[in-house]
Amino acid sequence: MIKQISIINRSGHTLRGILNLPDSGEKVPVVVNVHGFSGNKSGYKNMHTQTARLLEAEGIACVRFDLYGNGESDGEFEDMSFTGCLTDIADITAWTKTQPWAREGAFILSGQSMGGYLAACAATQLKPDALVLLCPGAGMWYGALERAEMMEAKGIFEVDVEGLKFATAFNKDLHQYEPFSSAKGYHGPVLLIRGTKDELVDEGTCEKYREVYGDACRYITVEGGNHNFASVPAREACNRAVISFLKERF
């Protein structure tokens, strides 16, 4: 079953999403998926939609929301903040856990690119039963504050990101969340995936995450996959890894 869903976040704004729910009528494991920077709940060329359908077929529900200022949710992109994204994830999680179809002890938090960075930060507080990080975009943190201050010194407070207004205030807020120290404190099982041709997230970033999580982390590389796993073989390999990891546990 595919259903449109919405919640009101703690700031009174509507977040809109999609639920893929198995038709079993039973309580099932559920993945909350977090999209990347300037993305949406469907993902690049429907990446998240494809994964959600496969999860549903395997008896796992998937909840996908547009974060505030993105996609169909309330707000403007220039008003988005990293802190606000984290509180959105917390509100989405709280809603998900109260649903009659959500199995206790089988909550999975997943994110791709900036969504992976967000999920890693959020997991320390939300304590999901498993964490899935697809090419987590921690590199966006480096130099974020310096870029914002340099631009503001020139009187520039917004830039054009392919038709979206991006505020320097986002980078100043982001600076609070050094990615690897912010990920410490989560001790559940982690699946970390990177494509070998990823042009945005390097091997070193994933190695640092693996160091944070230690033996609890399974690190998989997808041969030839880029940042969005944008080929049929790469996407199939990524989805196989995610489903195998989850089916082993839930």
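Residues numbered from 1 in each chain as written. Predicted model: local features only at pLDDT ≥ 70, side-chain atom pairs only at ≥ 80, totals over all residues. Heavy atoms only, no water.

(A) Examining the overall build of the protein more closely. When helices and strands are counted, the protein shows eight helices and ten strands. The C-alpha radius of gyration computed for the protein amounts to 17 Å, which stays within 12% of the reference 18 Å derived for 250 residues, consistent with globular compactness. Taken along its principal axes, the extent of the C-alpha atoms in the protein is 60 × 40 × 35 Å. Here the protein, with 250 residues, has 53% of them falling under the buried criterion. Restricting to contacts in the protein with at least 6 residues of sequence separation, those with at least 24 account for 72%. Charged side chains in the protein number 25 positive and 32 negative. The centres of these two groups are separated by 4 Å. (Helix = DSSP H or I, 4+ residues; strand = E, 2+ residues; numbered from the N terminus. Rg over C-alpha atoms; globule rule 2.2 N^0.38 Å. Buried < 20%, exposed > 50% of the residue type's maximum accessible area, 1.4 Å probe, protein only. Contact = heavy atoms within 4.5 Å. Lys, Arg positive; Asp, Glu negative; His and termini not counted. Charge placed at Lys NZ, Arg CZ, Asp CG, Glu CD.)

(B) Looking closely at the packing of aromatic side chains. Per the counting criterion, the structure on display carries 14 aromatic pairs. Taking 5.4 Å as the distance between ring centres and 55° as the angle between the ring planes, the aromatic pair formed by Phe166 and Phe170 counts as tilted. Grouping residues by exposure puts Phe166 and Phe170 together as buried. (Phe/Tyr/Trp six-rings, centres within 6.5 Å; stacked < 30°, edge-to-face > 60°.)

(C) Summary view of helix α1 (residues 47-57). All buried positions along α1 are accounted for by Met47, His48, Thr49, Thr51, Ala52, Leu55 and Glu56. Downstream of α1 by a residue or two, Gly59 has a phi angle that is positive, lying close to 85°.

(D) Structural view of empty space enclosed by the protein. In this structure the tally under the stated criterion is two cavities of 30 Å³ or more. In this structure, the largest cavity occupies an estimated 130 Å³ of space. Forming the boundary of the largest cavity are 16 residues, of which Val31, Asn33, Thr51, Leu55 and Ser110 lie nearest the centre. The dominant element in the lining of the largest cavity, judged by the number of residues it contributes, is α1, at five residues. Tallied by class, residues from the lining of the largest cavity come to eleven nonpolar, five polar and no charged. Of the volumes computed, that of the second largest cavity is approximately 40 Å³. The wall of the second largest cavity is formed by Val32, Asn33, Val34, Val63, Phe65, Leu67, Ile89 and Ile92. When contributions to the lining of the second largest cavity are tallied by element, the ones reaching two or more residues are β3 (28-34), β4 (61-65) and α2 (82-97). Sorting elements by how many residues they give to the lining of the second largest cavity places β3 first, with three residues. Residues belonging to the lining of the second largest cavity are distributed by class as follows: seven nonpolar, one polar and no charged. (1 Å grid on protein atoms, 1.4 Å probe; cavity = no way out; pocket = protein on both sides within 12 Å on 5 of 7 lines; lining within 4 Å. Points joined across faces, edges and corners; volume = space filled by probe spheres on them. Nonpolar A, V, L, I, M, F, W, Y, C, P; charged D, E, K, R; others polar.)

(E) Structural view of the sheet that holds strand β2 (residues 14-20). The eight strands are arranged β1-β2-β4-β3-β5-β6-β9-β10 in an open sheet whose pairing can be described as mixed. If you trace the sheet from one side to the other, it starts and ends with β1 (2-8) and β10 (217-222), each paired once. Direction aside, the axes of adjacent strands within the sheet are offset by 20° on average. With six bridges connecting them, strand β9 (residues 190-195) and β10 associate as parallel partners. (Pairing = 2+ DSSP bridges. Axes fitted to C-alpha atoms, helices over the stretch in contact; angles between N-to-C directions.)

(F) Structural view of the environment of Arg53. Considering the arrangement of structural elements, one finds Arg53 in helix α1. In contact with Arg53, other than residues within four places in its own chain, are Ile2 and Asn20.

(G) The arrangement of the side chain of Thr124 in detail. Relative to the helices and strands, Thr124 resides in helix α3 (residues 114-126). Assessed through its relative accessible area of 12%, Thr124 is described here as buried. At 2.9 Å, the side chain of Thr124 forms a polar contact with the backbone oxygen of Cys121. Once you skip the residues sitting within four places of it in the chain, Thr124 turns out to touch Ser182, Ala183, Lys184, Gly185 and Tyr186. (Polar contact = N/O pair within 3.5 Å; in protein donor to acceptor, adjacent residues only side chain to side chain.)

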